[in-house]
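In case you want the letters, here they are:
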Amino acid sequence: MKNILVLYYSQTGQIKEIIYSILKPFDKTEFNIDFIEIKPETEYPFPWPADKFFDVFPESKEGISCKLRPIEIKEPDKYDLIILGLQVWYLEPSIPVASFLKSNYAKVLENKPVITVFGVRNMWINAHQEMKRLINNVKGRLIGNIVFADRHNNLISVLTIIRWLFKGKKEASKFLPDAGVSDNEIKSASKFGIEIQKALQNNRLSDLQGRLENLGAVKVDYHIMKTEFAGSRMFGIWSSIILKRSSGNIKKRKRLLRLFKYYLYFVIYVISPISSAVFRLIRLLFPKKTKNQIIKQISIIS
Ligand SMILES: Cc1cc2nc3c(=O)[nH]c(=O)nc-3n(C[C@H](O)[C@H](O)[C@H](O)COP(=O)(O)O)c2cc1C
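Computed from a predicted structure; not experimentally measured.

**Q** Let's hear about the nonpolar core: which residues, and what values?
**A** In this structure, Leu7, Phe100, Leu101, Leu109, Ile196 and Phe260 are the most contacted members of the largest nonpolar core, which totals 96 residues. Each of two domains, domain 1 (2–219) and domain 2 (223–298), supplies a minimum of three residues to this core. If sequence neighbours within four positions are ignored, Leu109 has contacts with Leu7, Ile82, Leu84, Phe100, Leu101, Val114, Ile135, Val138, Lys139 and Gly140.

Written out as structure tokens, the structure reads:
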């Protein structure tokens, strides 16, 4: 019997649904699968009041941990594979997942093969780099990464995710599609499970990622990746200014966060369409160079 541990955090349950779908083909007589939910001591609200949504920005970006509810892992040594389900908050691993990886509980990853499964809107590459660093810090071995994203146009998915996160409405409305990862993509996730099961049965985990990628585990649009990198640099400046200037002063923090919110909407709807067009052109002009940049960023090697 082989043992798999699934660790995940999810507000809407999306990532849990995705991982269930991945694991559906697993032969239950051959594999024991344990699920553990990572839970913050004080839950983040869902749907999000707008103020609270922006209020988690500086701590998300700076990787400042929250307290977690106690986690009991009965026999940490028994696991043959750990699957870590997460989402991205402000281009970084969400606070609960990053907090888990910085806590003593993360010792369970030591010397264990780890597969990360992202359920995001469309910007996850910066968080992937941070996940590699955090997993490496606890001596885990990242052997796979599968990314589930909203495949709609960037500006559309901003509108639908706002509707979902602020109002709890995932379903399509009159003018806008469903938010989040599509049902079809979630259903088809079992193709990855078949490959992971085979790799465990044949002890061939070290070269699994190539096979997962052949099945479409990681899809990257160059213009989204470059937009994300520009955003990440600016987020770093904003978060350090907000934390330094407002330390302890709630009114000041609120004022700065309001400015950040206006900045964010301006960048998304005014700057990013222009920069995206430029990045698309660069992609067309330099296919080889841009492809190599993507390959470097999606690598699971630290
Ligand atoms: C505070 C916050 C910030 C987010 N920032 C990003 C982001 O930078 N990139 C992205 O692709 N998705 C982002 N999302 C969407 C999430 O990654 C995720 O897809 C969605 O919240 C559903 O996750 P769940 O598994 O917790 O339900 C953000 C969500 C929240 C709540």
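**Q** So what about the site of the ligand? Which residues, and what values?
**A** Within the structure, the ligand sits among 19 residues, and Ser10, Gln11, Thr12, Val88 and Leu91 are positioned closest to it. Within the backbone of Arg121, an N or O atom sits 3.0 Å from an oxygen atom of the ligand. Contacts to the ligand include Met123, whose backbone N or O atom sits 2.9 Å from an oxygen atom. With the chains in place, 95% of the 620 Å² that the ligand exposes on its own is no longer accessible. Elements represented by at least two residues in the shell around the ligand include exactly strand S4 (88–89), strand S6 (113–120) and helix H6 (154–167). Broken down by element, the shell around the ligand gets its largest block of residues, three residues, from H6. Of the residues in the shell around the ligand, the class split is twelve nonpolar, six polar and one charged.

**Q** An account of the pattern of salt bridges is requested, with residue identities and associated values reported.
**A** Scanning all chains against the criterion turns up twelve salt bridges. For Glu92, the salt bridge identified is with Lys61, shortest N-O distance 2.6 Å. Of this pair, Glu92 sits in strand S5 (residues 92–93) while Lys61 sits in helix H3 (residues 57–62); the two residues are 31 residues apart in sequence, bridging distant segments of the chain. Three or more residues joined by partner-sharing salt bridges are found here, namely Glu195, Lys198, Arg204, Asp207 and Arg211.

**Q** Pulling in residues and values, what's your account of the domain arrangement of the chain?
**A** By the assigned domains, the chain splits into domain 1 (2–219) and domain 2 (223–298). Each of domain 1 and domain 2 was reduced to a C-alpha centroid, and the two centroids are 22 Å apart. Counting the surface lost from both domain 1 and domain 2, the interface buries some 2400 Å², and carbon and sulfur atoms represent 68% of this. Where domain 1 touches domain 2, the interface holds two salt bridges. When the shortest N-O distance is used, the salt bridge between Arg253 and Glu59 registers 2.9 Å.

**Q** An account of the packing of aromatic side chains is requested, with residue identities and associated values reported.
**A** Describing an aromatic ring pair means giving the distance of the ring centres and the angle of the ring planes. Going through the model one piece at a time under the given rule, you end up with 24 aromatic pairs. On the numbers, 5.5 Å between centres and 50° between planes, the contact of Phe53 with Tyr90 is tilted. With Phe53 in helix H2 (residues 50–55) and Tyr90 in the loop between S4 and S5, the pair connects residues that are 37 residues apart, well separated along the chain. Pair check on accessibility: Phe53 and Tyr90 agree, each one buried. Sitting over the ring of Trp164, Lys170 keeps its end group 5.3 Å from the ring centre.

**Q** Can you lay out the environment of Met131 for me, pointing to particular residues and giving the numbers?
**A** Tracing the backbone shows Met131 in helix H5 (residues 125–137). Here Met131 falls in the buried class, since its relative accessible area comes to 1%. Separated by 153 residues in sequence, Met131 and Leu284 have C-alpha atoms that sit 30 Å apart. Ignoring anything within four residues of it in the chain, the contact list for Met131 reads Leu84, Leu86, Pro93, Val97, Leu101, Thr116 and Phe118.

**Q** Tell me what's going on with the pairing of strand S3 (residues 81–86), and back it up with residues and numbers.
**A** Among the six residues of S3, six are classified as buried, and the element is accordingly described as predominantly covered. With five bridges joining them, strand S1 (residues 2–8) and S3 adopt parallel strand pairing. Looking across to S3, one finds that Val6 is bridged to Ile83.

**Q** An account of the sheet that holds strand S7 (residues 141–149) is needed here, citing residue identities and associated values.
**A** Reading across from one edge, S2-S1-S3-S6-S7 is the order of the five strands in this open sheet, with parallel pairing throughout. Both edges of this open sheet fall to strand S2 (31–37) and S7, since each of them pairs with a single strand only. Across the sheet, the mean angle separating the axes of adjacent strands is 20° when strand polarity is ignored. Bridge analysis of S6 against S7 gives eight bridges, and the strand direction is parallel. Within S7, the position partnered with Val117 by the bridge is Ile146. Lying on the sheet, H5 is in contact with S3, S6 and S7; it crosses S6 at an angle near 155°.

What counts and how
- Residues numbered from 1 in each chain as written.
- Predicted model: local features only at pLDDT ≥ 70, side-chain atom pairs only at ≥ 80, totals over all residues.
- Heavy atoms only, no water.
- Core = buried A, V, L, I, M, F, W, Y, C linked by side-chain atoms within 4.5 Å.
- Buried < 20%, exposed > 50% of the residue type's maximum accessible area, 1.4 Å probe, protein only.
- Domains from an automatic or database assignment.
- Contact = heavy atoms within 4.5 Å.
- Near = heavy atom within 4 Å.
- Polar contact = N/O pair within 3.5 Å; in protein donor to acceptor, adjacent residues only side chain to side chain.
- Areas by Shrake-Rupley, 256 points an atom, 1.4 Å probe, with all protein chains shown as cover.
- Helix = DSSP H or I, 4+ residues; strand = E, 2+ residues; numbered from the N terminus.
- Nonpolar A, V, L, I, M, F, W, Y, C, P; charged D, E, K, R; others polar.
- Salt bridge = Lys/Arg side-chain N within 4 Å of Asp/Glu carboxyl O.
- Buried area = accessible area lost by both parts, 1.4 Å probe.
- Phe/Tyr/Trp six-rings, centres within 6.5 Å; stacked < 30°, edge-to-face > 60°.
- Lys NZ or Arg CZ within 6 Å of the ring centre and 35° of its normal.
- Pairing = 2+ DSSP bridges.
- Axes fitted to C-alpha atoms, helices over the stretch in contact; angles between N-to-C directions.

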